[in-house]
Amino acid sequence: MDTATKREPGELFGPRFALFADVLAVGLATAAASLPLITAPAAMSTACAVLDRRVRQDAPTTAGGYLRALRQRLRTGDLLAGAGLLAGGGLLLFNALAAGAGLPGAVVFRPALLAVAGLLAVVYLRACARPESATSWRTALRSAAYDSVRTPRASGVLLLAVATAAVCAWAYPPLLFLVPGPLAIAARATENHL
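Basis of the calculations
- Residues numbered from 1 in each chain as written.
- Predicted model: local features only at pLDDT ≥ 70, side-chain atom pairs only at ≥ 80, totals over all residues.
- Heavy atoms only, no water.
- Axes fitted to C-alpha atoms, helices over the stretch in contact; angles between N-to-C directions.
- Helix = DSSP H or I, 4+ residues; strand = E, 2+ residues; numbered from the N terminus.
- Parallel < 35°, antiparallel > 145°, perpendicular 65-115°, else oblique.
- Left-handed = near helix turned anticlockwise from the far one by under 90°.
- Contact = heavy atoms within 4.5 Å.
- Nonpolar A, V, L, I, M, F, W, Y, C, P; charged D, E, K, R; others polar.
- Buried < 20%, exposed > 50% of the residue type's maximum accessible area, 1.4 Å probe, protein only.
- Salt bridge = Lys/Arg side-chain N within 4 Å of Asp/Glu carboxyl O.
- Expected span 1.5 Å × (residues − 1).
- Arc of directions from axis to C-beta.

Draft legend 1. The arrangement of the packing of helix H4 (residues 76-100) against helix H5 (residues 106-129) in detail. Their axes nearest at 10 Å, the elements H4 and H5 cross at an angle of 165 degrees. Here H4 is positioned roughly antiparallel relative to H5, judged by the angle of their axes. Considering how the two elements wind past one another, H4 and H5 form a crossing that is left-handed. Contacts between H4 and H5 involve Leu85, Leu92, Asn95, Ala96, Ala99 and Gly100 from the former and Ala106, Phe109, Arg110, Leu113, Val116, Ala117, Leu120 and Tyr124 from the latter. Partitioned by chemical class, the residues of the contact of H4 with H5 number eleven nonpolar, two polar and one charged.

Set out below in structure tokens:
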């Protein structure tokens, strides 16, 4: 049997599933770290960095390693980014509730609101995937917004990943705790390859 399919002693997953297992483990750790909501940007940015290291260096990733990396990187700027994310999410939720309550023009407003939410999600994920997010969220967001417009193909792929994650979480709510991992690796992939 060749080494591509052989398990090492004590290895829980074979080599073909190691990255998949790491993505799920980091997704669970990211979901847990994001529960206070204000820590969500730092948690997602750390997930992107950890999974990027996993792919580039082929070193196994653990939830404990992820949490250590998050603890080392959590700073005031990350909490301010989390507060901004909460404010933006609250504003989108308020507008969605207003459209659902019979706002005049809601037929046009709902799809526009959905498009804006999708575009903001793409910019947010691209900002999390950028190395600048570790030092300056303002720079990371500016670069992500510029790149989202400059590379529409990558933004479209990431938007499809967001839509797929949303449908999966809607269809089976416990998957909500796993989607941060695949979204983080999708964000890093679009930053690196498209």
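Continuing now.
Draft legend 2. Spotlight on the side chain of aspartate 147. Looking at the element boundaries, aspartate 147 is found in helix H6 (residues 137-150). Aspartate 147 sits in the buried class, given a relative accessible area of 10%.

Draft legend 3. Looking closely at the pattern of salt bridges. Scanning the entire structure with this criterion turns up ten salt bridges. Between glutamate 191 and arginine 126 there is a salt bridge whose closest N-O contact spans 2.6 Å. Taken together, the residues span a long stretch of sequence, with glutamate 191 in helix H8 (residues 180-193) and arginine 126 in helix H5 at a distance of 65 residues. Overall, glutamate 191 belongs to the buried group, its relative accessible area being 19%. Here the salt bridges share partners, and the residues they tie into one network are Arg126, Arg130, Glu132, Asp147, Arg150 and Glu191.

Draft legend 4. Just unusual backbone geometry, in detail. The phi torsion at leucine 37 lies on the positive side, around 70 degrees, for a residue other than glycine. Accessibility expressed as a relative area gives 49% for leucine 37, which makes it partly exposed.

Draft legend 5. Main features of H6. In this model, H6 (14 residues) spans 19 Å end to end at C-alpha, consistent with the 20 Å of a helix rising 1.5 Å per residue. Here H6 has its buried residues at Trp137, Ala140, Ser143, Ala144, Asp147 and Ser148. Projected down its long axis, H6 shows its buried positions confined to an angular sector of 135 degrees, all on one face. The exposed set on the far side of H6, more than 90 degrees from its buried face, consists of Arg138, Arg142, Tyr146, Val149 and Arg150.

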